[in-house]
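Read off the chains here:
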Amino acid sequence: MTFIYPAVFTPHKEDEGYHGYFPDLEGCEADGPDLEDTMEQVKDAARSWLMAELEEETPDFPFVSHEEDLSLGPGEFVRQMMIVIKLLPDND
């Protein structure tokens, strides 16, 4: 399964790191020492969030926000992130 959600990134004020979060995935956020690491960390958080939802009896995935509908603060920017989840056959 492939999911694409917008992620918002904010540069840290005190160092060269970034904070990233998915506005559509409640509590799904991460920090990293640089943008590349932050993108990987936030993508891993999203993968875990989506996997937990898939384990529910009736998964309820949130609608995807449009980039132009997001309210951004100073220095914030949006990147569309693709999260791929490979489902393996159930052998039970």
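Here is a short report on the structure shown in this document. (Residues numbered from 1 in each chain as written. Predicted model: local features only at pLDDT ≥ 70, side-chain atom pairs only at ≥ 80, totals over all residues. Heavy atoms only, no water.)

1. Details of the nonpolar core
Then comes step 1: Of all hydrophobic cores here, the largest spans 17 residues; its most connected members are Phe-9, Phe-22, Leu-25, Leu-50, Met-81 and Ile-83.
Then comes step 2: Put simply, the parts of the chain that give this core at least two residues each are β1 (2-11), α1 (35-54) and β4 (77-84).
Then comes step 3: Discounting chain neighbours no more than four positions away, the residues touching Ile-83 are Met-1, Thr-2, Phe-3, Phe-22, Lys-43, Ala-46, Arg-47 and Leu-50. (Core = buried A, V, L, I, M, F, W, Y, C linked by side-chain atoms within 4.5 Å. Buried < 20%, exposed > 50% of the residue type's maximum accessible area, 1.4 Å probe, protein only. Helix = DSSP H or I, 4+ residues; strand = E, 2+ residues; numbered from the N terminus. Contact = heavy atoms within 4.5 Å.)

2. Quick notes on the packing of aromatic side chains
Then comes step 1: Scanning the model with the defined rule gives 3 aromatic pairs in all.
Then comes step 2: Both rings, one in Phe-3 and one in Phe-61, keep their centres 5.0 Å apart while their planes meet at 50°; by these two values the pair is tilted. One end of the pair, Phe-3, is in strand β1; the other, Phe-61, is in the loop between α1 and β4, with 58 residues separating them in the sequence.
Then comes step 3: Note on Phe-3: relative accessible area 9%, which makes it buried.
Then comes step 4: What makes Phe-61 partly exposed here is its relative accessible area of 25%.
Then comes step 5: Joined through ring pairs, the aromatic side chains of Phe-9, Tyr-18 and Phe-77 make up one cluster. (Phe/Tyr/Trp six-rings, centres within 6.5 Å; stacked < 30°, edge-to-face > 60°.)

3. Describing the side chain of Thr-38
Then comes step 1: Along the polypeptide, Thr-38 turns up in helix α1.
Then comes step 2: Those residues within four positions of Thr-38 in sequence are excluded, and the remaining contacts are Phe-9, Tyr-18, His-19, Gly-20, Ala-30, Asp-31, Gly-32 and Pro-33.

Everything listed here is a matter of coordinates, which is why it stays silent on function.
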